[in-house]
Structures are given as C-alpha cells and as structure tokens.
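# A closer look at the structure
Spelled out, the chains give:
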Amino acid sequence: MTLTESAHPSPQRRRVGLVSLAIGLTGAPAAWVTQLVVNYGLSSYACYPASVPRGHVLPGWENVRIALLIINLLALMLAVGTTFLSYRNWVATRDEHPGALDDLVAAGEGRTRFIGLAGAISGIGFALAIVFDLIAVLGVPQCSG
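These notes cover the structure that comes with them. Not measured: the values here are computed from a predicted model.

### So, helix α5 (residues 111-139)
For α5, spanning 29 residues, the distance from its first C-alpha to its last is 42 Å, which sits close to the expected 42 Å at 1.5 Å a residue. Within α5, the full set of buried residues consists of T112, R113, G116, G119, A120, G123, A127, I130, L134 and V137.

### Digging into the packing of helix α3 (residues 64-93) against α5
Look at α3 against α5: their axes get within 8 Å of each other, and the N-to-C directions meet at 160 degrees. Relative to α5, α3 is oriented roughly antiparallel. The crossing of α3 and α5 is left-handed. Looking at the contact of α3 with α5 residue by residue, the classes come out as 18 nonpolar, nine polar and three charged.

### Considerations on the packing of aromatic side chains
All told, the structure shown has three aromatic pairs when counted by the stated rule. Plain terms: the ring middles of W32 and F126 are 5.6 Å apart, the flat faces sit at 45 degrees to each other, and that makes the pair tilted. Within this pair, whereas W32 is found in helix α2 (residues 18-47), its partner F126 is found in helix α5, the two being separated by 94 residues in sequence. A relative accessible area of 24% means that F126 is categorised as partly exposed. Judged by centre distance (5.1 Å) and plane angle (55 degrees), the ring pair of Y45 and W61 falls under tilted.

### Some remarks on the environment of F132
Here F132 is to be found in helix α5. For F132, a relative accessible area of 58% corresponds to the exposed category.

### Thoughts on the side chain of T82
Looking at where T82 falls in the secondary structure, it is placed in helix α3. Since its relative accessible area comes to 5%, T82 is described here as buried.

Conventions and cut-offs
- Residues numbered from 1 in each chain as written.
- Predicted model: local features only at pLDDT ≥ 70, side-chain atom pairs only at ≥ 80, totals over all residues.
- Heavy atoms only, no water.
- Helix = DSSP H or I, 4+ residues; strand = E, 2+ residues; numbered from the N terminus.
- Expected span 1.5 Å × (residues − 1).
- Buried < 20%, exposed > 50% of the residue type's maximum accessible area, 1.4 Å probe, protein only.
- Axes fitted to C-alpha atoms, helices over the stretch in contact; angles between N-to-C directions.
- Parallel < 35°, antiparallel > 145°, perpendicular 65-115°, else oblique.
- Left-handed = near helix turned anticlockwise from the far one by under 90°.
- Nonpolar A, V, L, I, M, F, W, Y, C, P; charged D, E, K, R; others polar.
- Phe/Tyr/Trp six-rings, centres within 6.5 Å; stacked < 30°, edge-to-face > 60°.

On their own, these measurements won't tell you what the molecule is for.
And the structure:
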C-alpha cells in the first residue's frame, strides 16, 4: 500500500465496486417502492375501477391476489438479496479504519464500509416493510363495500 492509499479516507475502496455499493444501498428501497406502487394500482383497480367502489373483485380480476402475492415475494427476494450484498460489501471493508464510531463519522473515514453497513441496515428495514405488506395481502379482504 502506498502512502497516498493509506492516507485516503477509504483505503479499501477498491475491494468493492461502485455498482455493488449502489445496488446494495438502493436495491431494497427500490423493491419496496415498486412493490407498493404496483400492488396499490392493481388492488385498487380490481375493487374501484370507476367512481363507485365494488363489493367484490372486478370480473376477470379474480386472480389479482395471486399476482399481488407474486409481486410481494419477488420484492422480498430482491430486498433480501441486496441486503446480503450490502453485508458482503461491509464485511469486505470492515477493517478499513479502526477506531471509535464517532471518530469515523466526524472524519468521514471508512466511507465504503459505511455505505455497506447503511445498505444492510436499511435493507433489513425495507425487507420487514415488504413482509408487513405481504401479511396484508394474505390477511385483508380484497374488496369491501
């Protein structure tokens, strides 16, 4: 390691690619947002296709619950996968800068490690949000009116 690499605030940045960091950080939130928007559109149209809500699912939309379930499971798999990617990024760089957390945050050192850890922690949160949405798909009646 050269003197300039050891002085860099993120000396192990080459261990993890920028694309890997970006996917790990944004994959789970993107999966949740996509799942939320698509599921809302499908489920609302199935029960409220016009100005009056329906008491039952629109004819031809009887399998919309299966589509919602598949979308939720795909989003959950993507969120869990990108969370593990972020965890792997963090493990690859976790010895980037030893020291107290306060010192690292104040100095901006260990950025690669921070992005990996932030992606893993937020990924867990978004995966849990997708699980709660999945529970709603399974447990809440589709149309009531």
